[in-house]
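Listed below are the residues making up each chain.
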Amino acid sequence: MRRIQSNVDVRSDTFLANREHNRALIAALRGRQEEARSRRPERDLKRLGRQGKLFVRDRLALLLDPGTPFLELSTLAANMAYDGEVPGAGQVTGIGIVSGREVIIRADDASVKGGAWYPLSIKKIVRTLDIAIENRLPVVHICDSAGGFLPLQADLFADRYYAGRIFRNQCTLSKMGVPQVAIVAGHCTAGGAYIPALSEYSVIVRGTGAIFLGGPPLVKAATGEVVTADELGGCDLHTQVSGTADYPAASEQEAIAIARDIVGQLARPQKTAIDREEPEEPSYDPEELYGIIPRDVKIQFDMREIIARLVDGSRFHEYQPAYGTTLICGFARLWGYKVAILANNGVLFNDSSLKGAHFMELANQNRTPLLFLQNITGYMVGREYEARGITKDGAKMIMAVTGSVVPKFTVIVNGSFGAGNYGMCGRAFDARFHFMWPQGQISVMGGEQAAGVLSEIKIKQLEREGRKLSAAEVAAIREPILEEYTRCSSAYYSTSELWDDGLLDPLDTRNALGIGISCALNSPIGEPGYGVFRF
Amino acid sequence: MKRIFRIGEDRHELLVLPHRSGRILRIGANEHVARLASLGACEYRVELDGVAHRAWIVVRGDTIHVHLGGRSWTLETIDELAETSARGGGASDTAEAPMPGTVVRVQVEAGDAVKRGQTLVVIESMKMETAVVAWRDGIVAAVHRPLGATFDRKAPLVSLEPEPAA
C-alpha cells in the first residue's frame, strides 16, 4: 500500500492559526470532561464519605487492570440538559480490561443526585447494553442508585426505549450467553433492583449494599411496616435467605476483588478472524491534525490529510481514485486491522454516491470493517442532479449502509448535514461506535439556511395579513432561530443527547477506533444481504 | 517480494524470497542467503552467505540507516507504485470546477509562479468553501473566472503553463 503524500504546509499561516484554534478547543474539551468526571459539590462527596462509600471513579480504578486503556463513552452526556446539574447523566460507562478480559462497564454515580436515573441516564444505560449486545461484551455493573428520578417519570418509564429496555437488554445478553456481573455497592431501588437480579453474578457489600423493590419509606407508607434498609434488602438477607445476590463482601474493596475474580474465570471469546498485520504508527504526525481541521466548518479540506494521520504507516490503497472524487474510498490498516474507509471530500454527487454503495458491497464481500469519516454538507441539489437521479443514488447508499453486515464505525470529523448523515452511517444506522470531533456540527441543514427558510415563511405569512416588516423585525425573527440552531447543531449538544458515543480529541481517534474494532470482533460477521436497490 | 532502494544516486532492485532459514536475496543474476537476528536496541547480527557481521540499523519512515563493517549507508525505500505513477505524467494543465458555484477569492494572476499545494482560487458551492490548489509546481497561464463570477460544473477555473517535456 502506498503512503499518502501530504500537501499540508505545516509552516503556513493557515496551519498555525488552525492549530492554535483547535488546541484551544481541545483544552476546553479536556476541561469540561475533567469537570464532568470529578468536580462535585463538597457536600455530595462528604455524604459519600459518611456513608462509607467510594467515589465512582475510585471504584473504577480498583476494578480495571492497572496500566490498561479505558475508553470512556459519552463522558459529556447531559452536559446541556437539566441545567448542567447531572454530569455524565449520572452514569460512567466505557470499555476496559478487567482480569485480562475486554468488558464494558456501567456504573451509577451516587455523587450526582444520589445516583438517580434521569431520562438521559436511561438512554446512556440502554446504549451501553446495546453495545454489549452488538459486540458480545461482558458487562460489569456497579450499582448505587436511588432509582428513577420521579419528577421526570413520564420521560423515563413506559416507552419502548425507556427503563424497561434496560432489563430487556439484560435478558437478551443472558440469552446470548454474554455474562453480566453486578457489584451492589449502594442501594438498588425499584427498577434498579432488577439489575443484580438479572445478572449471572452479583456481589453485595455488607452494610451499604441493598436491593429492594420498595425502600423503607415506601414500605412504611404502604403497609406500616418499619424496617431498616439492611433488614429489608441487605447483604445477609439476599446472600443467605432470598438468593437474590450471590457473593457477600465485607467492603467495597472486597466486592470489587470478587468481581475481578469472577471476570477472570469467564471464558475468553473467540475473536472473528479478519485480515490483520503488525501495526505501524502513522508516518505523518497526528498532532498535525490540529493544523488541518479548519476554524470554519464551511472551509473544505482534503480528507486524505486526515486519513494519513489515522492509519498505519499513512498507507492507503485508494479505490476508484478518478471516479466520484468527492467521496474517497479505499483500504488501509488501523492498529493492523484492515479497514475500508469512506471519507467525504465534497458534496455527494451521483457518481460519488454510486461509488460509495459499490464500495460498501465490496467491503462486505471481503469481510472488511467499514470506517466512515463524515464531513458532508449533503447530496447535490438542482434540476440537473435530480434529473440524473441524485435521490435514488443517495437511496442506494442508504440501502447499502443498512444492509452491511461488517462492523461499521463512524467519526463525524467536521460537518454532518442533511441526508449525507444517513448515507454516511449516521446514528440511526447502527455503527458499532459513533464518535464526533468537538468542532463538528450536525443538523438537518445549515443554520443560516434554516434561519433563511423559516424567516421567509414567517415574513410571507405576515405579509398576507397586510403587515410589512422592518429590517429590525426581520432580524428579530431570524436571530432566535439562528441561535437555537447553532446551539442544537453543536457537538456538545449532540453528545449531551447521546447522538454519539462521545466527543474525541482527534489525537485519540486512532486508539478509540482500535479498541472499537477489537470489541467488534467478538461477534461473528454474517452473510451480506440487501433490500432492493433502485437502479 | 520486490524491494527498491536508493543509495546515493544509485537505484537498487532486489527480490526477497523465502528460504528454510532466513531469506534469499536475489540481486540481478546473483543470489545470497541472508539471516537477520536482533541483538537488542538497534544492533543486529547479519549473516550473509554464511559469514556473520555485526550491524546497527535504524529505520526512520522510508529512510534506513545502516552501519556495518566500519562504513555507513543511507537507504531510501522507494514505493514501486509511487515511482511508476510519478513517471506517468499526462495530467491536465487546467483545473475544472467540481460543481456549480461562485468564485469567492482569487489569489493568483497569470504569470505567477506557484508551488504544489498553493491556493489558486477559492470557490463556494453548497455552503462549502473549496480551495482550488496547484496540483504541481508551475506558472499560472490564466485565471478563467473573475471574483464573484458564477460557473457550471466542469468550467475551467485556472490553467498552468504546460510542463516542459522531460
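Bear in mind that the values here come from a model prediction, so they are computed numbers and not experimental data.

Visitor: I keep staring at the overall build of chain A and nothing clicks. Help me out?
Guide: From N to C terminus, chain A includes 20 helices and 15 strands. The C-alpha atoms of chain A give a radius of gyration of 25 Å, which matches the 24 Å a tight globule of 535 residues would have. If one aligns the C-alpha atoms of chain A with their principal axes, the spans along those axes are about 75 × 70 × 50 Å. For chain A, with 535 residues in total, the buried portion stands at 49%. For chain A, contacts bridging at least 24 residues in sequence account for 77% of all contacts bridging at least 6.

Visitor: Whenever I open this one, the overall build of chain B confuses me. Can you help?
Guide: Secondary structure assignment for chain B yields one helix and 16 strands. Taking 15 Å as the expected radius of gyration for a compact globule of 166 residues, we find that chain B reaches 25 Å, considerably beyond that expectation. Judged by the C-alpha coordinates and their principal axes, chain B covers about 70 × 35 × 30 Å. Looking at chain B as a whole, 11% of its 166 residues qualify as buried. Considering only residue pairs separated by 6 or more positions, chain B has 36% of its internal contacts joining residues 24 or more positions apart.

Visitor: Even after reading the chapter, I still don't get the pairing of strand β3 (residues 101-108) of chain A, so can you show me in this structure?
Guide: Regular strands place side chains that alternate from one sheet face to the opposite one. Residue and element names in this part refer to chain A. Counting buried positions over the eight residues of β3 gives eight, a clear majority of the element. Note that strand β2 (residues 91-98) and β3 share eight bridges and pair antiparallel. Bridge pairing in β3 links Val98 to Arg101. Between β3 and its parallel partner strand β4 (residues 139-145), the chain crosses via helix α4 (residues 119-135), and the hand of that crossover is right-handed.

Visitor: Looking at this model, I keep getting lost on the sheet that holds strand β8 (residues 71-78) of chain B. Mind explaining?
Guide: Strand pairing in a sheet relies on backbone hydrogen bonds. The paired strands run either parallel or antiparallel. All names here are of chain B. Strand order in the closed barrel formed by eight strands is β1-β2-β3-β4-β5-β6-β7-β8, with antiparallel pairing between adjacent strands. Adjacent strand axes in the sheet meet at a mean angle of 35° when their direction is disregarded. Note that strand β1 (residues 2-7) and β8 share four bridges and pair antiparallel. By the bridge assignment for β8, Ile4 is matched with Ile78.

Visitor: Sorry, what's going on with the domain arrangement of chain A here?
Guide: How large an interface is tends to be reported as the accessible area lost when its parts come together. All names here are of chain A. Here chain A is described as being made up of domain 1 (44-264), domain 2 (286-445 + 490-520) and domain 3 (447-488). A straight line from the C-alpha centre of domain 1 to that of domain 2 covers 35 Å. Counting residues at the interface gives 21 residues for domain 1, matched by 15 residues for domain 2. Secondary-structure elements contributing two or more residues to the side of domain 1 that touches domain 2 are β1 (71-73) and α4. Broken down by element, the side of domain 1 that touches domain 2 gets its largest block of residues, six residues, from α4.

Visitor: Looking at this model, I keep getting lost on helix α9 (residues 235-242) of chain A. Mind explaining?
Guide: Since there are 3.6 residues in each turn of an α-helix, residues three or four apart along the chain are aligned in direction. All names here are of chain A. Residues of α9 that are buried: Cys235, His238 and Thr239. The buried residues of α9 occupy one face: seen down the axis, they fall within an arc of 95°. α9 presents Gln240, Val241 and Ser242 as exposed residues on the side facing more than 90 degrees away from its buried surface. Where the residues of α9 are buried, they touch β6 (201-205), β7 (210-212), α8 (229-233) and β8 (247-249). At the C-terminal side of α9, Gly243 shows a positive phi close to 75°.

Visitor: Can you walk me through the sheet that holds strand β9 (residues 94-96) of chain B in this structure?
Guide: Residues and elements named next belong to chain B. The sheet built from four strands is open, its strands ordered β9-β16-β14-β11 with antiparallel pairing. Strands with a single pairing partner mark the edges of an open sheet, and in this sheet they are β9 and β11 (113-114). Here three bridges tie strand β14 (residues 138-143) to strand β16 (residues 156-160), and the two strands are oriented antiparallel to one another. Paired with Val140 across the two strands is Leu160, which belongs to β16.

Visitor: How should helix α15 (residues 390-403) of chain A be read in this particular structure?
Guide: Residues and elements named next belong to chain A. Relative to the 20 Å expected for 14 residues at 1.5 Å per residue, α15 spans 20 Å between its end C-alpha atoms, a close match to the ideal helical length. Burial in α15 covers these residues: Ile390, Asp393, Gly394, Ala395, Lys396, Met397, Ile398, Ala400 and Val401. Residues of α15 that are buried make contact with α13 (350-365), α14 (383-387) and α16 (420-423).

Visitor: How do you make sense of the packing of α13 of chain A against α15 of chain A when you look at a structure like this?
Guide: Helix packing geometry: the angle between the two helix axes and the distance between the axes. Residue and element names in this part refer to chain A. The contact between α13 and α15 brings their axes to 8 Å, and the two run at 20°. Viewed along their axes, α13 and α15 adopt a mutual orientation that is roughly parallel. Crossing handedness for the pair α13 and α15: left-handed. Contacts from Asn350, Ser353, Leu354, Gly356, Ala357, Met360 and Glu361 of α13 reach α15 at Ile390, Asp393, Gly394, Lys396, Met397, Ala400 and Val401.

Visitor: Looking at this structure, how should I read the pairing of strand β6 (residues 51-60) of chain B?
Guide: Residue and element names in this part refer to chain B. Here β6 lies mainly on the outside; zero of its 10 residues are buried. Of the pairings in the sheet, the one linking strand β5 (residues 43-48) to β6 comprises six bridges and is antiparallel in character. Each residue of the ladder has a partner; that of Leu48, found in β6, is Val51. The turn joining β5 and β6, which pair antiparallel and follow one another in sequence, is formed by two residues; a positive phi near 50° is taken by Asp49. Relative to strand β7 (residues 63-68), β6 runs antiparallel, the two sharing six bridges.

Visitor: In this structure, what is going on with the domain arrangement of chain B? I would like to understand it.
Guide: Split into domains, chain B comes out as domain 1 (2-84) and domain 2 (90-160). The distance between the C-alpha centroids of domain 1 of chain B and domain 2 of chain B comes to 45 Å.

Visitor: What's the story with unusual backbone geometry in this structure? I'm lost.
Guide: Across the chain, the bulk of peptide bonds are trans and the bulk of non-glycine residues have phi less than zero. Residue and element names in this part refer to chain A. Look at Ser314: it is not a glycine, yet its phi comes out positive at around 55°. Here Ser314 shows up in the loop between α12 (303-307) and β9 (317-319). Located in the positive-phi region is Gln320, a residue other than glycine, with phi close to 45°. Summarising the element assignment, Gln320 is placed in the loop between β9 and β10 (327-334).

Visitor: Help me understand the confidence of the model for chain B, please; the structure alone is not making it clear to me.
Guide: Detailed reading of the predicted coordinates is not advisable wherever pLDDT falls low. Chain-level statistics for chain B give a pLDDT mean of 88 and a share of 95% at 70 or above. Reported for the predicted complex are a pTM of 0.91 and an ipTM of 0.74.

Visitor: Explain the nonpolar core here, please?
Guide: Note on soluble globular proteins: their nonpolar side chains tend to be buried together. In terms of nonpolar packing, the biggest core is built from 153 residues, with Val140, Ile183, Val184, Ala259 and Ile307 of chain A touching the most fellow members. With residues near it in sequence (within four places) discarded, Val184 of chain A still touches Cys143, Pro196, Ser202, Val203, Ile204, Val205, Gly209, Ile211 and Ala245 of chain A.

Thresholds applied
Residues numbered from 1 in each chain as written. Chains lettered and ligands numbered in written order. Predicted model: local features only at pLDDT ≥ 70, side-chain atom pairs only at ≥ 80, totals over all residues. Helix = DSSP H or I, 4+ residues; strand = E, 2+ residues; numbered from the N terminus. Rg over C-alpha atoms; globule rule 2.2 N^0.38 Å. Buried ≥ 20, exposed ≤ 12 C-beta atoms within 10 Å, placed from the backbone. Contact = placed C-beta atoms within 7 Å. Pairing = 2+ DSSP bridges. Right-handed = clockwise from strand over helix to strand, strands pointing away. Axes fitted to C-alpha atoms, helices over the stretch in contact; angles between N-to-C directions. Domains from an automatic or database assignment. Arc of directions from axis to C-beta. Expected span 1.5 Å × (residues − 1). Parallel < 35°, antiparallel > 145°, perpendicular 65-115°, else oblique. Left-handed = near helix turned anticlockwise from the far one by under 90°. pLDDT = per-residue confidence, 0-100. Core = buried A, V, L, I, M, F, W, Y, C linked by C-beta atoms within 7 Å.

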